[in-house]
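# An overview of the molecular structure
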Amino acid sequence: AQSVTQLDSQVPVFEEAPVELRCNYSSSVSVYLFWYVQYPNQGLQLLLKYLSGSTLVKGINGFEAEFNKSQTSFHLRKPSVHISDTAEYFCAVTVRDSGYSTLTFGKGTMLLVSP
Amino acid sequence: NAGVTQTPKFRILKIGQSMTLQCTQDMNHNYMYWYRQDPGMGLKLIYYSVGAGITDKGEVPNGYNVSRSTTEDFPLRLELAAPSQTSVYFCASSYLAGGNTGELFFGEGSRLTVL
């Protein structure tokens, strides 16, 4: 079975500073990787996903992530954060090309952006 | 286009009571899911469905039941509510299985408290 570890439960950062949210996964087979964002009192929405091809994936709101197979990581980055990026971010994994495979989520990282 | 709609948004139950969380989607998605979210624990899959009449257990199914009589609706029933079921519940749907695209569309959540 696959699993996801998000190494930081909370990341405080000042506005306009860069940020990296870390995600490591474990799986014995090939996987697809995702980042979801949850704004306060809302459901989750897809930020970006890695399915194949270029290991650098760009998502919405200026976020990007890099798939590193050798380090089994999929860290999320943004060069300059805004107050509005304050939210909880979830990394997720699923088995590649498996018809009924479901997503496994990490425990989440709360990004706190202050002025 | 409403997406995924969950009702109720908030509910307080007494121990031993039963209730049903409603979920409906208008995107004609075959795949539907119920997750629960507990602080610091991420999302855990309770049940999922790959189409009308077909459901399967997720990671934490005990104490819950589901049915899928139509493509649109996927209600979650709690029998004999317990304090351990205090949580935020999210319904989600997807066009393809998670193993193919991973793009889940989430409802806004139902916050349940069992006292």
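All of the points below concern the structure found in this document. (Residues numbered from 1 in each chain as written. Chains lettered and ligands numbered in written order. Predicted model: local features only at pLDDT ≥ 70, side-chain atom pairs only at ≥ 80, totals over all residues. Heavy atoms only, no water.)

### Comments concerning the overall build of chain A
Here is the rule we go by: Where helices and strands are cited, they refer to DSSP runs of H or I of at least four residues and of E of at least two residues respectively, numbered from the N terminus. The buried label applies to any residue whose accessible area, calculated with a 1.4 Å probe on protein chains only, is under 20% of its type's maximum; exposed applies above 50%, and partly exposed to all values in between. Contact definition: two residues touch when any of their heavy atoms are within 4.5 Å. Per-residue and other accessible areas were derived by the Shrake-Rupley procedure at a 1.4 Å probe size, with only the shown protein chains allowed to occlude residues. This count recognises Lys and Arg as positive and Asp and Glu as negative, with His and chain-terminal groups excluded. The atoms used to mark charge sites are NZ of Lys, CZ of Arg, CG of Asp and CD of Glu.
From N to C terminus, chain A includes 0 helices and 12 strands. In sequence order, the secondary structure elements of chain A are arranged as β-β-β-β-β-β-β-β-β-β-β-β. Each principal axis of the C-alpha distribution contributes one length, and for chain A these read about 45 × 30 × 20 Å. Relative to its full complement of 115 residues, chain A shows a buried share of 47%. Expressed as a percentage of contacts within chain A between residues at least 6 apart in sequence, the contacts between residues at least 24 apart total 57%. With an accessible surface of roughly 5,500 Å², chain A has 50% of that area assigned to carbon and sulfur atoms. Between the mean site of the 8 positive side-chain charges and the mean site of the 9 negative ones, chain A shows a separation of 9 Å.

### Things to note about the packing of aromatic side chains
Here is the rule: Any two rings among Phe, Tyr and Trp, with Trp reduced to its six-membered ring, count as a pair given centres within 6.5 Å; such a pair is stacked if its planes are under 30 degrees apart, edge-to-face if over 60, and tilted if neither. A ring has a charge above it when a Lys NZ or an Arg CZ is no more than 6 Å from the ring centre and no more than 35 degrees off the ring normal.
Applying the stated rule across the entire model yields 11 aromatic pairs over all chains. Ring centres of Tyr 64 of chain B and Tyr 89 of chain B lie 5.8 Å apart, and the angle between their planes is 65 degrees; this geometry places the pair in the edge-to-face category. In this pair, Tyr 64 of chain B is assigned in strand 7 (residues 64-66) and Tyr 89 of chain B in strand 9 (residues 87-94), connecting sequence segments 25 residues apart. Tyr 64 of chain B sits in the buried class, given a relative accessible area of 4%. Considering the side-chain rings of Phe 90 of chain B and Phe 106 of chain B, the 6.3 Å spacing of their centres and the 80 degrees angle between planes classify their relative orientation as edge-to-face. Taken together, the residues span a long stretch of sequence, with Phe 90 of chain B in strand 9 and Phe 106 of chain B in strand 10 (residues 105-106) at a distance of 16 residues. What makes Phe 90 of chain B buried here is its relative accessible area of 2%. A relative accessible area of 11% means that Phe 106 of chain B is categorised as buried. In this structure an aromatic cluster arises from ring pairing among Tyr 36 and Phe 105 of chain A together with Tyr 33, Tyr 35, Phe 90 and Phe 106 of chain B. The ring of Phe 74 of chain B has Arg 68 of chain B lying over it, and the distance from NZ or CZ to the ring centre is 5.9 Å.

### Some points on the state of the cysteines
Residue and element names in this part refer to chain B. As a reminder of what qualifies: By disulfide we mean two sulfur atoms from cysteines, separated by a distance within 2.5 Å.
Scanning all chains against the criterion turns up 2 disulfides over all chains. Here Cys 23 engages in a disulfide with Cys 91; their sulfurs sit 1.9 Å apart. Its S-S torsion of about -70 degrees marks the bond between Cys 23 and Cys 91 as left-handed, since a negative value means left-handed. Of this pair, Cys 23 sits in strand 3 (residues 19-25) while Cys 91 sits in strand 9, and the two are 68 residues apart along the sequence. For Cys 23, a relative accessible area of 2% corresponds to the buried category. Residue Cys 91 is classed as buried on the basis of its relative accessible area, which comes to 0%.

### As for the pattern of salt bridges
Pairing of side chains with opposite charge becomes possible as their charged atoms draw close. The condition that has to hold: Think of a salt bridge as a Lys or Arg side-chain nitrogen and an Asp or Glu carboxyl oxygen that are within 4 Å of each other.
Evaluation of the coordinates by the stated rule reveals 9 salt bridges over all chains. Glu 64 of chain A serves as the salt-bridge partner of Lys 58 of chain A, at 2.9 Å between the closest nitrogen and oxygen. Between Glu 108 of chain B and Lys 9 of chain B there is a salt bridge, and its shortest N-O distance comes to 3.8 Å. In this pair, Glu 108 of chain B is assigned in the loop between strand 10 and strand 11 (110-114) and Lys 9 of chain B in the loop between strand 1 (4-7) and strand 2 (10-13), connecting sequence segments 99 residues apart. Lys 9 of chain B sits in the partly exposed class, given a relative accessible area of 44%.

### What about the nonpolar core?
We count it as follows: We call a set of buried Ala, Val, Leu, Ile, Met, Phe, Trp, Tyr and Cys residues a nonpolar core when their side-chain atoms join them within 4.5 Å.
Among the nonpolar cores identified, the biggest contains 28 residues, and Trp 35, Leu 48, Phe 74, Leu 76 and Tyr 89 of chain A are the most heavily contacted of them. One finds Tyr 35, Leu 43, Val 88 and Leu 104 of chain B within the second-largest nonpolar core, a separate group that totals 21 residues.

### What about the sheet that holds strand 7 of chain B?
Residues and elements named next belong to chain B. This is how it is decided: Any two strands between which DSSP finds at least two bridges are classified as paired. Here an angle of 0 to 180 degrees is reported between the N-to-C directions of two axes, which are lines fitted to C-alpha atoms, with helices fitted over the stretch in contact.
With antiparallel pairing, 4 strands are arranged side by side in an open sheet as 1-3-8-7. Since the sheet does not close on itself, it has two edges, and those belong to strand 1 and strand 7, each with one partner. Strand-to-strand, the axes of this sheet are offset by a mean angle of 20 degrees, without reference to chain direction. Bridge count between strand 1 and strand 3: 4 bridges; the pairing is antiparallel. Across the sheet, residue Thr 7 finds its bridge partner in strand 3, namely Gln 22.

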